[in-house]
Every structure is written in C-alpha cells, then in structure tokens.
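As a plain string of letters, each chain reads:
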Amino acid sequence: MLPFERHEQILSYLKTGGCVPVKALAAAIFASEATTRRDVAELESRGLVRRVYGGVMLCDYHNEVVPVDIRDSANSPEKELTAQTAAALIGDNETVIFDSSSTVRRICRHIRNRKNLTVITNNLRVCNELKDTDVTVYCTGGLLKNRRECFLGGHTTDFLRSVHADSVFFSCQAISDAGIISDASEEEIALRSLMLSRAEKQYFLCDPSKLDQQRTFCLCSAEELTAVICGTSFLKFK
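Residues numbered from 1 in each chain as written. Predicted model: local features only at pLDDT ≥ 70, side-chain atom pairs only at ≥ 80, totals over all residues. Heavy atoms only, no water.

**Student:** Explain the packing of aromatic side chains to me, please; I cannot follow it from the model alone.
**Tutor:** Aromatic ring pairs are defined here through the distance separating the ring centres and the angle between the ring planes. Here the structure, examined in full by the defined rule, presents three aromatic pairs. Consider the rings of F170 and F204, whose centres lie 5.3 Å apart with planes at 50 degrees: the pair is tilted. Of this pair, F170 sits in strand 9 (residues 165–170) while F204 sits in strand 12 (residues 199–206), and the two are 34 residues apart along the sequence. Each residue in the set F98, F169 and Y203 is aromatic and connected to the rest through ring pairs, giving one cluster. (Phe/Tyr/Trp six-rings, centres within 6.5 Å; stacked < 30°, edge-to-face > 60°. Helix = DSSP H or I, 4+ residues; strand = E, 2+ residues; numbered from the N terminus.)

**Student:** Just to check I follow, could you spell out the pattern of salt bridges for this structure?
**Tutor:** For side chains bearing opposite charge, pairing can occur when the charged atoms are close. Per the stated rule, a full pass over the model turns up 13 salt bridges. Residues E44 and R51 are paired through a salt bridge, measuring 2.5 Å at the closest nitrogen-oxygen approach. Across the salt bridge formed by D158 and R161, the nearest N and O atoms sit 3.3 Å from each other. Residue D158 and its partner R161 are both found in helix 8 (residues 154–161); the two are separated by three residues, about one turn of the helix. Of the residues examined, D158 reaches a relative accessible area of 48% and is grouped as partly exposed. Several salt bridges converge on common partners, so that one network encompasses D99, R148, D183, E188 and R192. (Salt bridge = Lys/Arg side-chain N within 4 Å of Asp/Glu carboxyl O. Buried < 20%, exposed > 50% of the residue type's maximum accessible area, 1.4 Å probe, protein only.)

**Student:** Explain the sheet that holds strand 13 (residues 217–221) to me, please; I cannot follow it from the model alone.
**Tutor:** The strands that make up a sheet are held in pairs by hydrogen bonds between backbone atoms, and each pair lies either parallel or antiparallel. The strand order across the open sheet built from three strands is 10-11-13, with neighbouring strands paired in antiparallel fashion. Strands at the two margins of the open sheet, each flanked by one partner only, are strand 10 (174–175) and strand 13. Against the sheet, helix 9 (residues 186–197) engages strand 11 (180–183) and strand 13, with an angle of about 20 degrees to strand 13. (Pairing = 2+ DSSP bridges. Contact = heavy atoms within 4.5 Å. Axes fitted to C-alpha atoms, helices over the stretch in contact; angles between N-to-C directions.)

**Student:** So what exactly am I meant to see when it comes to the packing of helix 8 against helix 9 here?
**Tutor:** Two packed helices can be described by the angle between their axes and the distance between those axes. Packing of helix 8 against helix 9 leaves a shortest axis separation of 10 Å and a crossing angle of 10 degrees. Judged on the interaxial angle alone, helix 9 and helix 8 are roughly parallel. Seen from helix 8, the contacting residues are T156, T157, L160 and R161; seen from helix 9, they are L191, L194 and M195. Partitioned by chemical class, the residues of the contact of helix 8 with helix 9 number four nonpolar, two polar and one charged. (Parallel < 35°, antiparallel > 145°, perpendicular 65-115°, else oblique. Nonpolar A, V, L, I, M, F, W, Y, C, P; charged D, E, K, R; others polar.)

**Student:** Before we go on, may I ask you to explain the sheet that holds strand 3 (residues 55–58) in this structure?
**Tutor:** Strand order across the open sheet formed by three strands is 1-3-2, with antiparallel pairing between neighbours. One side of each edge strand has no neighbouring strand; the edge strands of this open sheet are strand 1 (20–21) and strand 2 (49–52). Alignment of strand 2 against strand 3, held across four bridges, turns out to be antiparallel. Looking across to strand 3, one finds that R51 is bridged to V56.

So, in structure tokens, the structure goes:
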C-alpha cells in the first residue's frame, strides 16, 4: 500500500474512532506500528492529526477534552507507576483532594487500607472506587459531565470553598519544558485552581506523553507546587 493510501485510511478511521492508540490504528490499517508512527508524524506535520494521551486524533479534536474512557486506557503502565508513587505520600489521618483525572483515580487502589483518611473529589470514578472501603469520601456534587464522569459548575466550587485539605493530587493535559501546566478545558482549569488554594501541599501527576506539551488554558507553574510526579520520579523545572 502506498503512503498516501495509508494516510487516507488513517484519516478515515480517526473520523469514526475519535482518539485511537497507535497500536489499534496500525491493526486497523494492516501496517506495522513503526510504519504507522511514521505516517502519523507526517500527517501531524501537515496539521491533519495530533498525538495526545498516547493516541492519535484528528486536529478537529485539538484543545478539546478527551473522554475519560480513552484517557483511562492510554499510557496505563506509566499512570500506574505515578499513582503508586503518589499514594506513598498519603498517610493515615489525612484529608486529600482528588481531581477528575484518570491518573489520580488510580491512587484509590493503593490507599484502601489507610486509617481515618478523608477524600474530597469531583471525580465520579473515585467515589465508585472507594465506596466499599473505610475511607471517608465527600463528593463535591454539581453538574455531572457524562463523558468526563466528573462534577463541575457553581455547586462544585461552592463546596470546595468550604473545605481545607492536607494535600491535593491533580493532573492536566500538558506541562511545557518551562514547567507551565495547561489544559484544554477552561472550566476544569478554574476548578483545579480552587483546589490548589484549598490544600497545604499540591502534587501534579503526569505521564511522559504530557511532557513538553502546551494547551490553551494555563493553570500554574511547576515551581508553585510541592512536586511534579512522573512515574517514580520527582521532576524539577527551572
């Protein structure tokens, strides 16, 4: 198959598949992953597709929020390592805030046996993960965003303004090489900004796909945070 034919197949497949992992895309067009990555790089250079969250999507989706099911499956091993590292920072008798990110949600399986732990979250999946444990969970409530499985809006912010936590664990779509953290959702950026103000310590969780990236709405600089966690590493930015 000629390159331009593969390119047409990739674009056609992405129109129906949204954000697709490279492995699945390669299988769909009957090409090797190496060949598919080269094709994707060529299409990205032409402004037709964009690599995000370990997958590929049409540029029509750039600066839009990726559905939670896609985010949850992308870069799974890296997210798991990051979640384990973050969980080790949470002790007994603490109150923590979890945002709506898929990486933060993975912390839940590692803190189920903490004593006298309170979790405050706008993440519907976090509520479900911890519902059968002894962890005290406060859901912010608010407007449920179905595809993102999180709560946003005025009621959500009103609740968060009434709480105080030892630490907040959050993520966004991107962190630049200068340490600027950003996201495609203005609404979620505003809520995360409030979360950061309600906690003594702030931890940003990321996987390698978010490094050296930039989105429309900026949240903060890494220098303002307690730590940036990527896998088992604590990243430094100047």
